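Structure at a glance
These are the residues of each chain, in order.
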Amino acid sequence: MNLEETLKQATVQIFKEEFDADITTDAVTINITKKEHEGDFTIVAFPLAKFAKMLPEQTAQKLGEAMQAKTGIVDRFNVIKGFLNLSLTDTYWLNRLKEISKNNSYGTFSPNSQKVALEYCGPNTNKPLHIGHVRNMLLGFSMSEILKATGYNVTKMNIYNDRGVAICQSMVAYLRYANGATPKSSGIKGDHFVGDWYVKFNTVCMEEITTLSNAPADKDEAKKLTPIYKDAQALLLKWEAGDKETIELWKKMNEWVYEGFQETYKLLGVDFQKDYYESETYKLGKNIVDEGLQKKTFYKRADGAVAVDLTPDGLDEKVLLRADGTSIYITQDIATAQLRYDEFEMNKLIYVVANEQDYHFKVLKLVLQKLGRKWAEGIYHLSYALVESPTGRFKSREGKTADADDLISEVLRIAEEKTKELGKIEGFTEEEATKLYKTIGLGALKYFILRVNPYKKIIFNPEESIDFHGHTGPFVQYTYARIRAVIRKAGEQTNGFEIPSGLNLAAVEREIIIQLSEYENVVKTAADKYDPSELANYVYTLAKTYNKFYHEHPILNAESESEKKFRIALSNETSVIIKKAMKLLGIDVPEKM
RNA sequence: GACCCGGUAGCUCAGCUGGAUAGAGCAACAGUUUUCUAAACUGUCGGUCACUGGUUCGAAUCCAGUCCGGGUCACCA
């Protein structure tokens, strides 16, 4: 049981004994005491006053006295207005630190025998990944780490939108102009190579519009009349008919794209255990539609299309099968969800998908529930907002700034530049230095994105580079590296990190222990809220507090041997938690920087 | 038109299951290194928490309405 819970229960107990009042732990509000007041935890007495039949201030006073007398862990307290500020004993905190440092799996919960299917990334195969995918992947990967830490068995999944008119457009341009070039022959990364042909398609399309005799004013309408556009449509039909040559080219070009994606995944450190392809699922869903018709959950409209009425749930009528009998996006997704359940029997099915699709996932979950799928209760759409430039939404046409690979190499370049400037790589081999740039550069990028609450949009200004100072990934990494340096030195002087008793803790020291003590709650909260930013903000606060301590208190030259041992242990444990928290964010920490 | 999400310091963000004088970072300015890594630390400056009303002992937080920004309401994905 965690400390807050203990204090709450103590309060309930005391209310029973002292005031003969039955209250529940829910009625007790407990916070970490604000910095400007003395104390570790604060119990808010206002809502309790009526149960005690006293004024809030008197209630707080009485409660404080009883807490001090009965719990054995409250050293002293003060009351300001209706706030009861409790200070726990140094002994309590020292024991807490001992407990945490003894427990190697602190912050990791035991397996709960629940399975999670986590879908993220979901790229189209006609162009390279962009900054939006980066946010998606970082969120997805971090969430999987967090859920694993909270005891879930997680399977990461990707789904490739590998068919349709877009990829055919790349193919048409390739056929017309490439002369058999390949990524290898041209020295271009596969996904960019294919993306370039997609761009070429659009360029040619625009050119051809000017040659049309009577082009409509509407650009999109005009596009459809161009020869190249018609070629792409024709190619799609050939693809659907299973034309051998078309399929071969399609496979070849997709393969190039996958090779390119793999590189990016590897660089970012994300992975998947299971891949799905739209080309294999796009016809699925007929069975589900039949089932829905049978159950009268769905109905056939006069025009032949099958639909479901969601107006009672505040949504609209939703078509699930075209009049010509072909399946649509939502139907494929419903079928794919079923497919996943059949294979994994997961308790949770999480989709990391941009908030443009909020409506889609509401429908998805609702329809499955209407079909009586109990497991649909476990569907969660981890919706995130777009990454935007200061002038608005990133358009792929706006050029390189939104491209994932460019973004990554830019941040690696900056990491290298700054590291060299600071002269931090003395004694590093070339290989070690490169690894360090990667650790820091990616740390900066990942932290920059993950520290923002998913549902809030991120404003990213490509003109200003990502920061390495202040509230950033490198700040946390630096704190870690500094601790490690101390520990390395201490290693020669002490055996183990034993924690002496009977010390007087400085304010910063107990603040650090309190924060370390909160870590397991933060992991739980991040999992419950599906929000890695909880952890990102936590680890920053911890690092910041530690830096203050580091500056104010000598560790290896502490006043006494027991002080020294304690501070080494405190530092070590802080580094352990920083590393764990960063790992849940998918961020590495360097031993030296 | 209906619905969903945002609006907190010049900028980027915390705080939002109601609690004390609204917090960080960046930027600006002033300091800190004979001591464990200065990618650090300390201080100054900076706020009608979009607006109006309501509920409450207490509202950035909850409710209603308004304004601004974005998104969705496809037999596209």
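Residues numbered from 1 in each chain as written. Chains lettered and ligands numbered in written order. Predicted model: local features only at pLDDT ≥ 70, side-chain atom pairs only at ≥ 80, totals over all residues. Heavy atoms only, no water.

**Things to note about the protein's contact with RNA strand B**
Within the structure, RNA strand B sits among 63 residues, and F83, D303, D316, R322 and Y478 are positioned closest to it. Sugar and phosphate atoms represent 61% of those atoms of RNA strand B found within 4 Å of the protein. Between RNA strand B and R451, the relevant distance is 3.1 Å, taken from a sugar or linking oxygen to a side-chain nitrogen or oxygen of the residue. Between RNA strand B and G470, the relevant distance is 3.0 Å, taken from a phosphate oxygen to a main-chain nitrogen or oxygen of the residue. Sorting the residues of the surface near RNA strand B by element identifies β2 (41–44), α2 (46–52), β4 (83–88), β15 (458–459), α18 (473–491) and α20 (533–552) as the ones contributing at least two each. (Near = heavy atom within 4 Å. Polar contact = N/O pair within 3.5 Å; in protein donor to acceptor, adjacent residues only side chain to side chain. Helix = DSSP H or I, 4+ residues; strand = E, 2+ residues; numbered from the N terminus.)

**Some remarks on the pattern of salt bridges**
Tallying each qualifying case throughout the model produces 35 salt bridges. Between D22 and K16 there is a salt bridge, with the nearest N and O atoms lying 3.3 Å from each other. Residue K16 is classed as partly exposed on the basis of its relative accessible area of 41%. A salt bridge links E38 to R76, with the nearest nitrogen and oxygen atoms 2.7 Å apart. (Salt bridge = Lys/Arg side-chain N within 4 Å of Asp/Glu carboxyl O. Buried < 20%, exposed > 50% of the residue type's maximum accessible area, 1.4 Å probe, protein only.)

**Concerning the domain arrangement of chain A**
Domains assigned within chain A are domain 1 (3–88) and domain 2 (164–272). Taking only C-alpha atoms into account, the centre of domain 1 sits 67 Å from that of domain 2. (Domains from an automatic or database assignment.)

**Some thoughts on the sheet that holds strand β6 (residues 153–160)**
What links the strands of a sheet is backbone hydrogen bonding, and the strands pair in either a parallel or an antiparallel sense. The 5 strands are arranged β7-β6-β5-β11-β12 in an open sheet whose pairing can be described as parallel. In this open sheet, the two strands that pair with only one neighbour each are β7 (274–277) and β12 (379–384). Strand-to-strand twist across the sheet, computed as the mean angle between neighbouring axes with direction ignored, equals 25°. Relative to β12, strand β11 (residues 348–354) runs parallel, the two being bridged by 6 bridges. In the strand pairing of β12, Y351 is matched with H381. (Pairing = 2+ DSSP bridges. Axes fitted to C-alpha atoms, helices over the stretch in contact; angles between N-to-C directions.)

**Thoughts on the sheet that holds β15**
Taken in spatial order, the 3 strands make up an open sheet running β14-β13-β15, and their pairing is mixed. In the strand order of this sheet, the two ends are held by β14 (392–393) and β15, each with one partner. In this structure, strand β13 (residues 387–389) lies alongside β15, joined through 2 bridges in parallel fashion. Bridge pairing links V387 to I458 in β15.

**Regarding the side chain of E278**
Among the secondary structure elements, E278 is positioned in helix α12 (residues 278–281). The buried category is assigned to E278, whose relative accessible area is 12%. For E278, the side chain forms a polar contact with the side chain of R163, separated by 3.3 Å. Apart from residues lying up to four places away in sequence, E278 is in contact with Y160, N161, D162, R163 and Q332. (Contact = heavy atoms within 4.5 Å.)

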